[in-house]
Amino acid sequence: MQEDKNTAEVLNKINKLKSRIEELEKSESEYERVKESFKRLSYQNKLILESIGEGIYGVDLEGNVTFFNPSAENITGYTAEEIIGKYQHTILHHTKKEGSPYPAEECPVYTTLVDGVSRRISDEIFWRKDGTSFPVEYTSAPIKDRGNIVGAVVIFRDITDRKKAEKDVKDSETRYKSIFENTGTATVIVEEDATIFMVNEEFEKLSRYSKEELEGKKSWTEFVVEDDLDRLEEYHRLRRIDPESAPRNYEFGFIDKYGNVKDVFLTISMIPETKKSLGSLLDVTERKKMEKALRESEEKLRTVLESSPDAITVLDLEGKIMDCNQATVKLHEFSSKEELIGASVFELIAPGERQRAAEALKKSIEQGAMMNVEYMFFTKDGREFPAEASGSLISDETGKPTSLVAITRDITERKKAEQTLKESEERIRGIFESSPDSVQVTDLAGNLIECNNETLNLLGVSSKDEIIGKPVFEYIAPEHRQEVGQAMKMTIKKGLIKRFESVLIDKDGHKFPVEVSANVILDHSGKPTSFIATIKDITERKKAEEALKVSEEKYKGIVEKFLKVSNEIIIEISKK
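Residues numbered from 1 in each chain as written. Predicted model: local features only at pLDDT ≥ 70, side-chain atom pairs only at ≥ 80, totals over all residues. Heavy atoms only, no water.

Caption draft 1: Examining the overall build of the chain more closely. Secondary structure assignment for the chain yields 16 helices and 20 strands. Sorting the 576 residues of the chain into buried and exposed places 32% on the buried side. A sequence separation of at least 24 residues applies to 40% of the contacts in the chain between residues at least 6 apart. Looking at the chain as shown, the accessible area adds up to about 36800 Å², and 55% of this sits on carbon and sulfur atoms. (Helix = DSSP H or I, 4+ residues; strand = E, 2+ residues; numbered from the N terminus. Buried < 20%, exposed > 50% of the residue type's maximum accessible area, 1.4 Å probe, protein only. Contact = heavy atoms within 4.5 Å. Areas by Shrake-Rupley, 256 points an atom, 1.4 Å probe, with all protein chains shown as cover.)

Structure, rendered in structure tokens:
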């Protein structure tokens, strides 16, 4: 019995041992399985870290890098070997984007290590190995073990492209807003229900309302005169059904805040993929007035042209007559315009002058105008007459010359007058030069403009070049210059001055007395322009006067002595 009991205990222990062995074998198998699972999970995590597009790195409680994924390497230029174990802040985060140092205690990664709070940052920069920076968006999250912070993980991405895209969008918005605000014309965006969505400053000026009064509050229909409203509302409706079914450009009466009606030219179209329309309004009130004034001006011009005493002819660039006034018909002694229109203007010019006229026309086209040129012209029956022609080029809106307007004036009478004047001037010049006295013409300041030959003799100079342009005061004795200046002022005031005496100095410095008379020369408006003075050398006359004075004094003494003796004789006789 005892043996059986011992055997049973042994068997029981063997079974327990066998069960323990089985448990150990099972535990070891589970361990291997867990180990394999952990290995597989680690490999998967490694693959994830290596394939993910964001940069990922971890730091321990001291801020030293514990891992650094391939994307982080690609973005920063650092390899994992170069950065693992290093203090991340001094490598990746040392300077702010404005250039100032970034204190470590302000770093969100450091703060996360302290308080365990995850943070998302999108307005900072990281630094690359090559010393350049890039805008970054990153998340800093704590790593915990059994509730304790043991480090942090940073997930970051280079947002250079996004920042550029945001800047491009912002620039585009700014650009389009700038264009909207600075188009130079009143611009408005309206909703489908006719509410004004947006206006620019020019629309404020046109409507006399502020943006605050307009945007989202006013309907465009409030600005249209009653006569045009139905038409514009129909355009508004059709445009939203089919943009091509309503005109893009038209005029209407626009009412501003104070009830003033203006003529407005509208250009309008739909904004793609919206029910909004964009309109540009140009105030053409002044243009309308100008067009009316232009029509009236053209009518007046036609009246003036037809009533002008001068011949006015419109020529093409080859010299053919396109139009003319009645004065042209009369000048050339034709019966009607029809006889002249289509003919060459050169046919009306004397043969010997035609080449010169053709060259003048060509030059006028090049220079844009023709100055006064004289030619011999023909009448219809062949009579020649002198005429003066001038012209201006007419160009189209592109500046291209299209025609020439020429003004021709018969100068037969002027030529006769010029000949008469020339003959008169020659006679006056003869009188001027043959005068026995010095004749001088000066400007109002006293500078010599012209003189006759006797002036040269008077002053002892050999040619006019020595004195023309010089002040006449240089030849007046210093003690008489003020007196002469006063005389000139008096001459301007009265137009002429009575003769007065003065003293001149010749080229050699000799003084001699003269007698001067002067007149003011006036222009056609009566304004003084110069002086003309006649100067006579009175040296001999002064000598004669002095001799006469001496003689008179001598004879006066004799007469007085004679009278005295006579009186004495008479007294003696009376006493007797």
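Caption draft 2: Just the nonpolar core, in detail. Ranked by internal contacts, the top residues of the largest apolar core, which has 25 residues, are Leu340, Tyr375 and Phe377. Residue assignment for this core shows that the elements contributing at least two residues are strand 11 (311-316), strand 12 (321-324), helix 11 (326-331), helix 12 (354-367), strand 13 (369-378), strand 14 (384-395) and strand 15 (401-410). Setting aside chain neighbours within four positions, we find tyrosine 375 in contact with Ile349, Glu353, Arg356, Ala357, Ala360, Phe385, Pro386, Ala387 and Ala389. Residues Tyr475, Ile476, Ala487 and Ala533 belong to the second largest nonpolar core, which totals 24 residues. (Core = buried A, V, L, I, M, F, W, Y, C linked by side-chain atoms within 4.5 Å.)

Caption draft 3: Region of interest: helix 12. End to end, helix 12 covers 20 Å across 14 residues, agreeing with the expected 20 Å (1.5 Å per residue, within 8%). Considered for burial, the residues of helix 12 that qualify are Ala357, Ala360, Leu361 and Ser364. Within helix 12, the buried residues cover an arc of 105° as seen down the axis, which keeps them to one side. Exposed side of helix 12, more than 90 degrees from the buried face: Gln355, Lys362 and Glu366 are the residues found there. Buried residues belonging to helix 12 abut strand 13, strand 14 and strand 15. (Expected span 1.5 Å × (residues − 1). Arc of directions from axis to C-beta.)

Caption draft 4: Highlighting the sheet that holds strand 18 (residues 496-505). Spatially, five strands are ordered 17-16-20-19-18 in an open sheet, and the strand pairing comes out antiparallel. Strands with a single pairing partner mark the edges of an open sheet, and in this sheet they are strand 17 (448-451) and strand 18. Each strand of the sheet is rotated relative to its neighbour by a mean of 30°, with strand direction disregarded. Judged from the eight bridges that link them, strand 18 and strand 19 (residues 511-522) form a sheet pairing that is antiparallel. In the strand pairing of strand 19, isoleucine 505 is matched with lysine 511. Lying on the sheet, helix 15 (residues 478-494) is in contact with strand 18, strand 19 and strand 20 (528-537); it crosses strand 18 at an angle near 160°. (Pairing = 2+ DSSP bridges. Axes fitted to C-alpha atoms, helices over the stretch in contact; angles between N-to-C directions.)

Caption draft 5: Just the packing of aromatic side chains, in detail. Under the defined criterion, the tally for this structure stands at 13 aromatic pairs. Plain terms: the ring middles of phenylalanine 223 and phenylalanine 254 are 5.4 Å apart, the flat faces sit at 15° to each other, and that makes the pair stacked. On the criterion of sequence distance, the pair formed by phenylalanine 223 in the loop between helix 8 (211-214) and helix 9 (226-241) and phenylalanine 254 in strand 8 (residues 249-255) is long-range, its members being 31 residues apart. Site record: aromatic cluster; members linked through ring pairs are Tyr57, Phe68, Phe126, Phe134, Tyr138 and Phe156. Over the ring of phenylalanine 197 we find lysine 276, and its NZ or CZ is 4.8 Å from the ring centre. (Phe/Tyr/Trp six-rings, centres within 6.5 Å; stacked < 30°, edge-to-face > 60°. Lys NZ or Arg CZ within 6 Å of the ring centre and 35° of its normal.)

Caption draft 6: A look at the environment of aspartate 115. Its place among the elements puts aspartate 115 in helix 5 (residues 108-115). As for aspartate 115 and isoleucine 149, which are separated by 34 residues in sequence, their C-alpha atoms are 8.8 Å apart. At 2.9 Å, the side chain of aspartate 115 and the backbone nitrogen of valine 117 are in polar contact. (Polar contact = N/O pair within 3.5 Å; in protein donor to acceptor, adjacent residues only side chain to side chain.)

Caption draft 7: Region of the structure containing the sheet that holds strand 8. Reading across the sheet, the five strands line up as 7-6-10-9-8 and stay open at both edges, with antiparallel pairing between neighbours. Two strands lie at the open edges of the sheet, namely strand 7 (196-199) and strand 8, each paired on one side alone. The average angle at which neighbouring strand axes cross in this sheet is 30°, direction not considered. Note that strand 6 (residues 186-190) and strand 10 (residues 277-283) share five bridges and pair antiparallel. Counted as the bridge partner of threonine 187 is serine 280 from strand 10. Sitting on the sheet, helix 6 (residues 160-181) is in contact with strand 6, strand 7 and strand 10, with an inclination near 90° to strand 7. Seen against the sheet, helix 9 touches strand 6, strand 8, strand 9 (261-270) and strand 10 and runs at an angle of roughly 130° to strand 8.

Caption draft 8: Summary view of empty space enclosed by the protein. Under the counting rule described, the total for this entry stands at three cavities of 30 Å³ or more. By volume, the largest cavity is sized at about 350 Å³. Taken together, 22 residues make up the lining of the largest cavity; nearest its centre are Gln440, Val472, Val484, Ala533 and Ile535. Within the residue set of the lining of the largest cavity, elements represented by two or more residues are strand 16 (438-443), helix 15, strand 18, strand 19 and strand 20. No other element matches helix 15, which puts four residues into the lining of the largest cavity. Its residues placed into classes, the lining of the largest cavity shows 17 nonpolar, four polar and one charged. (1 Å grid on protein atoms, 1.4 Å probe; cavity = no way out; pocket = protein on both sides within 12 Å on 5 of 7 lines; lining within 4 Å. Points joined across faces, edges and corners; volume = space filled by probe spheres on them. Nonpolar A, V, L, I, M, F, W, Y, C, P; charged D, E, K, R; others polar.)

Caption draft 9: Summary view of the side chain of lysine 262. In this fold, lysine 262 is placed in strand 9. With near-sequence residues (within four places) excluded, lysine 262 lies in contact with Lys205, Leu206, Phe252, Gly253, Phe254, Asp256, Asp283 and Thr285.

Caption draft 10: The arrangement of the pattern of salt bridges in detail. Going through the model one piece at a time under the given rule, you end up with 42 salt bridges. Lysine 464 is paired through a salt bridge with glutamate 450; the nearest N and O atoms lie 3.4 Å apart. With lysine 464 in the loop between helix 14 (453-459) and helix 15 and glutamate 450 in strand 17, the pair connects residues that are 14 residues apart, well separated along the chain. Taking the shortest distance from any N to any O, the salt bridge between arginine 541 and glutamate 515 comes out at 3.2 Å. Taken as a pair, arginine 541 in helix 16 (residues 539-575) and glutamate 515 in strand 19 lie far apart in primary sequence, 26 residues in all. Under the relative-accessibility criterion, glutamate 515 is labelled buried at 13%. (Salt bridge = Lys/Arg side-chain N within 4 Å of Asp/Glu carboxyl O.)

Caption draft 11: Up close: the layout of surface pockets. Of the voids in this model, the largest pocket is the one considered here, and its volume is about 220 Å³. Forming the walls of the largest pocket are Lys177, Phe180, Glu181, Thr183, Thr187, Ile189, Met198, Val199, Lys211, Glu215, Ile271 and Leu278. Of all the secondary-structure elements, those providing two or more residues to the lining of the largest pocket are helix 6, strand 6 and strand 7. Of the residues forming the lining of the largest pocket, the biggest block, three residues, is contributed by helix 6. Across the lining of the largest pocket, the residue classes break down as six nonpolar, two polar and four charged.

Caption draft 12: Expanded view of the environment of valine 224. Here valine 224 lies in the loop between helix 8 and helix 9. Here valine 224 falls in the buried class, since its relative accessible area comes to 6%. Between the C-alpha atom of valine 224 and that of phenylalanine 254, which follows or precedes it by 30 residues, the distance is 5.1 Å. Setting aside residues up to four positions removed in sequence, valine 224 forms contacts with Leu229, Leu232, Phe252, Gly253 and Ile255.

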